[in-house]
Amino acid sequence: MKKAILSFLCLMGSGTFFSPATAQSPYIAKVVEFRPAPGQFVNELPEYESGDTEETMRAKAEEYIAHNNKNMISLGGYGGYVVVAFDHTIVDVPGVCDFKISGNAFYADANPRPDAPLGGSCEPGIVMVAYDRNRNGQPDDDEWYEIAGSEYEKKETLKNYSITYHRPAPDHVATPHPDNKFLNDTTYIRWNDNRGITSYMPRNTFHAQSYYPEWIKDDSLMFTGTRLADNGIDESGNGTYFVLYAYGFGYADNRPNADTLSHIDIGWAVDSEGNPAHLPGADFIKVYTGVNQYNGWLGECSTEILGMEDLHIDAVMSDIHENKQHVCNLYPNPVKTHLIVESNEACLIEILSLAGNRILQKKIEVGTNRIDMSGCPVGIYLAKIGNKSYKIIKN
Ligand SMILES: [Ca+2]
Ligand SMILES: [Ca+2]
Ligand SMILES: [Ca+2]
């Protein structure tokens, strides 16, 4: 008996253990950084008040979108971004989407023809993920990986696009549009990009507040990233009716929240060379407005965010193989009947009781394996796969 306890303690010492799933929240725990580009909803969503700083605006953005609060923040024009953190690592369960981002995208036609392009107000944001490799809870030295959505490989998608916006001078004089009564300043926010273009974000009559983030002290703001092709089309031909079309998948605020095409798979993450990142999961998510387009009276394309959600809070990040050799995921936790084991390697799994007794031993294959635990009493078990062990809760 002594020997059994001793070997169990050794197992405890060498294993990787996880808190019960109930301790974790599926929603955003923290806004790490909020830096919108200029835009017609900036200084309103969230509201800027005199004296606000980068920190107080970060806290306001957090109050808006963390913990399923579901208030809306706007990232402004191209490049504006928000970085959020969760209270756990969102596990990349192989082959399925792992989290969703809620925005305010909608289709103009609620019942479109099956063959019709889906459009309305779709304002796609590029999604990036980071895994907290040094486990310090901060997105510091951790590499960011882009979610390669449906447009990633297209030639119209610009990589390493940079834009700089300039705060209007205090003595700035507005230039109203000669024909469009809704645009009261066509030279409002000057911007230039790294493709040699200089242009302006106009001001419209619907939003009278400053469009440049008031709490930012710098007189210019630079953003760099991937730029998607323009998705807005003036269907009227006379500037009265713009439709902003949805891209396929892999973007924020691009598909209505109820559409599963708004869900994101961490498995789509790629490094800066476009190679699959093979992350065990994501601790931090960044979203930035991915289109640089001004759609007449509708204003600039701006990604909006209401919240994010881990789609499988019970998934267990069981094994973190930095060498990318053996990847294994176990879920759900707690287990009701079957433990699901996704493995990229054929190997043995052993289930042990807390007393160290072997309950079962089974060979698992590459892919999805279902381990029947319906005959096991409620309690805590250890799954041993290769030289790693994982805590399993059976209820
Ligand atoms: Ca996945
Ligand atoms: Ca870190
Ligand atoms: Ca939007």
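From a predicted model like this one, the values you see are computed outputs, not experimental measurements.

### Some points on the coordination of the calcium ion (ligand 1)
- Distances from the calcium ion (ligand 1) to its protein donors, Asp92 (OD), Val93 (O), Val96 (O), Asp98 (OD), Asp98 (OD) and Asp265 (OD), fall at 2.2 to 2.8 Å.
- In this structure, the calcium ion (ligand 1) is surrounded by 6 donor atoms whose angles at the metal cover 49 to 179°, and the resulting shape is irregular.
- Linear spacing of the donor residues for the calcium ion (ligand 1) on their chain is D-V-x2-V-x1-D-x166-D.

### Considering the packing of aromatic side chains
- In the structure shown here, the tally under the stated rule is 11 aromatic pairs.
- Between phenylalanine 34 and tryptophan 215 the ring centres are 5.9 Å apart and the planes differ by 20°, which places this aromatic pair in the stacked class. With phenylalanine 34 in strand β1 (residues 30-35) and tryptophan 215 in the loop between β11 (198-204) and β12 (220-227), this residue pair connects regions lying 181 residues apart in the sequence.
- An angle of 25° between the planes, with centres 6.3 Å apart, marks the rings of tyrosine 48 and tryptophan 215 as stacked. Highlighted residues: tyrosine 48 in the loop between β1 and α2 (54-65) and tryptophan 215 in the loop between β11 and β12, separated in sequence by 167 residues.

### So, the domain arrangement of the protein chain
- Along its sequence, the protein chain is carved into domain 1 (2-21 + 316-394) and domain 2 (25-310).
- The distance between the C-alpha centroids of domain 1 and domain 2 comes to 40 Å.
- Both sides of the domain 1 and domain 2 interface together cover about 780 Å² of buried area, and 62% of this is carbon and sulfur.
- The tally of links between domain 1 and domain 2 comes to 0 salt bridges.
- Of the residues assigned to the side of domain 1 that touches domain 2, the class counts are 4 nonpolar, 1 polar and 3 charged.

### Here we look at the coordination of the calcium ion (ligand 3)
- Listed as protein donors to the calcium ion (ligand 3) are Asn104 (OD1), Glu123 (OE), Asp253 (OD) and Glu304 (OE); their distances from the metal cover 2.2 to 2.4 Å.
- Between consecutive donor residues of the calcium ion (ligand 3), the sequence gaps follow N-x18-E-x129-D-x50-E. Of this pair, asparagine 104 sits in the loop between β4 (99-102) and β5 (106-107) while glutamate 123 sits in the loop between β6 (119-121) and β7 (125-130), and the two are 19 residues apart along the sequence.
- Looking at asparagine 104, the relative accessible area reads 28%, which means it is partly exposed.

### Describing the pairing of strand β25 (residues 379-385)
- Bridge analysis of strand β22 (residues 347-353) against β25 gives 5 bridges, and the strand direction is antiparallel. Within the sheet, the bridge partner assigned to serine 353 lies in β25 and is tyrosine 381.
- When β25 meets strand β26 (residues 388-394), the two strands line up antiparallel, connected through 7 bridges. Pairing of isoleucine 385 across the sheet is with lysine 388, part of β26.

Conventions adopted
Residues numbered from 1 in each chain as written. Chains lettered and ligands numbered in written order. Predicted model: local features only at pLDDT ≥ 70, side-chain atom pairs only at ≥ 80, totals over all residues. Heavy atoms only, no water. Donors = N, O, S within 2.8 Å, 3.2 Å for Na, K, Ca; no water. Tetrahedral: all angles 85-135°; square planar, octahedral: opposite > 155°, others 65-115°. Phe/Tyr/Trp six-rings, centres within 6.5 Å; stacked < 30°, edge-to-face > 60°. Helix = DSSP H or I, 4+ residues; strand = E, 2+ residues; numbered from the N terminus. Domains from an automatic or database assignment. Buried area = accessible area lost by both parts, 1.4 Å probe. Salt bridge = Lys/Arg side-chain N within 4 Å of Asp/Glu carboxyl O. Nonpolar A, V, L, I, M, F, W, Y, C, P; charged D, E, K, R; others polar. Buried < 20%, exposed > 50% of the residue type's maximum accessible area, 1.4 Å probe, protein only. Pairing = 2+ DSSP bridges.

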